[in-house]
Amino acid sequence: MSDTSQPNPLTEILTSLRDRVMGVSESVLSTADGLLVVADTDSSHAESVAALAAATLGVARRMADQTSVGALREVVARCGSGHVIVMAVGDRALLTVVGDDGLDLAALQRESPATVEQLTQALAADVAR
């Protein structure tokens, strides 16, 4: 049983992204094969988002490979009332960000590299334990 009084560093990183970027409503961190690691969600089914993110990134990586445009950085889905962005976190994890219609994409692009780096370091520290 985990100690719920101790804040989860991964959850804190996701919450910080939501606080720094206007329009970010939810985020999910998952393994590259689609297993949920941690989520900052209210309405999405985090396990389903994790699995779909893995499939989405897998197809997009193949597309980038086939078109020789370089390494894939992110996949952006612009939907009727918001956005879904899937980003690679190293080779073994994915960050999925859900944003509403008011999502500040420029701020997300500015803030996401630092968030991805923080997540990468936190995951590496967790594995080292």
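For the chain, an unreviewed UniProt entry supplies the name Roadblock/LC7 domain-containing protein and the organism Streptomyces ortus.

Each helix and strand in the chain was counted, giving 3 helices and 5 strands. Over its C-alpha trace the chain gives a radius of gyration of 14 Å, about what one expects of a compact globule, namely 14 Å for 129 residues. With respect to the three principal axes, the spread of C-alpha positions in the chain is 45 × 35 × 25 Å. Summed over all atoms, the accessible surface of the chain reaches about 7700 Å², with 53% contributed by carbon and sulfur. Both charge centroids of the chain, one from 9 positive and one from 17 negative side chains, sit 7 Å from each other.

Our next topic: the sheet that holds strand 2 (residues 36-40). The 5 strands are arranged 2-1-5-4-3 in an open sheet whose pairing can be described as antiparallel. Across the chains shown, the open sheet's two edge strands, defined by having one partner strand only, are strand 2 and strand 3 (74-79). Going from strand to strand, the sheet's axes swing by 15° on average, the running direction of each strand aside.

Quick look at the nonpolar core now. With 21 residues, the main nonpolar core has Leu29, Val89, Leu95, Leu108 and Leu119 as its most contacted residues. The set of elements that each furnish at least two residues to this core consists of helix 1 (9-20), strand 1 (24-31), strand 4 (82-89), strand 5 (93-100) and helix 3 (105-128). Beyond its immediate stretch of four places on either side in the chain, Leu95 contacts Leu14, Leu17, Ser27, Val28, Ile85, Val86, Met87, Val89, Thr115 and Leu119. Membership of the second largest hydrophobic core comes to 8 residues, among which are Ala53, Ala54, Val75 and Ala88.

Its location among the elements puts Asp40 in strand 2. Reaching out from Asp40, the side chain makes a polar contact with the side chain of Arg18 at a distance of 2.7 Å. Those residues in contact with Asp40 that sit more than four places away from it in its chain are Leu14, Thr15, Arg18, Ser25, Glu26 and Ser27.

Across 6 bridges, strand 3 lies against strand 4 in antiparallel orientation. Counterpart to Ala77 in the pairing with strand 4 is Val84. Counted between consecutive antiparallel strands, the loop separating strand 3 from strand 4 contains 2 residues.

So, on to helix 1. Along its 12 residues, helix 1 runs 16 Å from first to last C-alpha, staying within 8% of the 16 Å computed at 1.5 Å per residue. Of all the positions in helix 1, only Leu10, Ile13, Leu14 and Leu17 are classed as buried. Seen end-on, helix 1 carries its buried residues on one side only, within an arc spanning 95°. Two to three positions downstream of the cap, the backbone nitrogen of Leu10 sits 2.8 Å from a side-chain oxygen, assigning the N-cap of helix 1 to Asn8.

Here is what the cut-offs are and how they apply
- Residues numbered from 1 in each chain as written.
- Predicted model: local features only at pLDDT ≥ 70, side-chain atom pairs only at ≥ 80, totals over all residues.
- Heavy atoms only, no water.
- Helix = DSSP H or I, 4+ residues; strand = E, 2+ residues; numbered from the N terminus.
- Rg over C-alpha atoms; globule rule 2.2 N^0.38 Å.
- Areas by Shrake-Rupley, 256 points an atom, 1.4 Å probe, with all protein chains shown as cover.
- Lys, Arg positive; Asp, Glu negative; His and termini not counted.
- Charge placed at Lys NZ, Arg CZ, Asp CG, Glu CD.
- Pairing = 2+ DSSP bridges.
- Axes fitted to C-alpha atoms, helices over the stretch in contact; angles between N-to-C directions.
- Core = buried A, V, L, I, M, F, W, Y, C linked by side-chain atoms within 4.5 Å.
- Buried < 20%, exposed > 50% of the residue type's maximum accessible area, 1.4 Å probe, protein only.
- Contact = heavy atoms within 4.5 Å.
- Polar contact = N/O pair within 3.5 Å; in protein donor to acceptor, adjacent residues only side chain to side chain.
- Expected span 1.5 Å × (residues − 1).
- Arc of directions from axis to C-beta.

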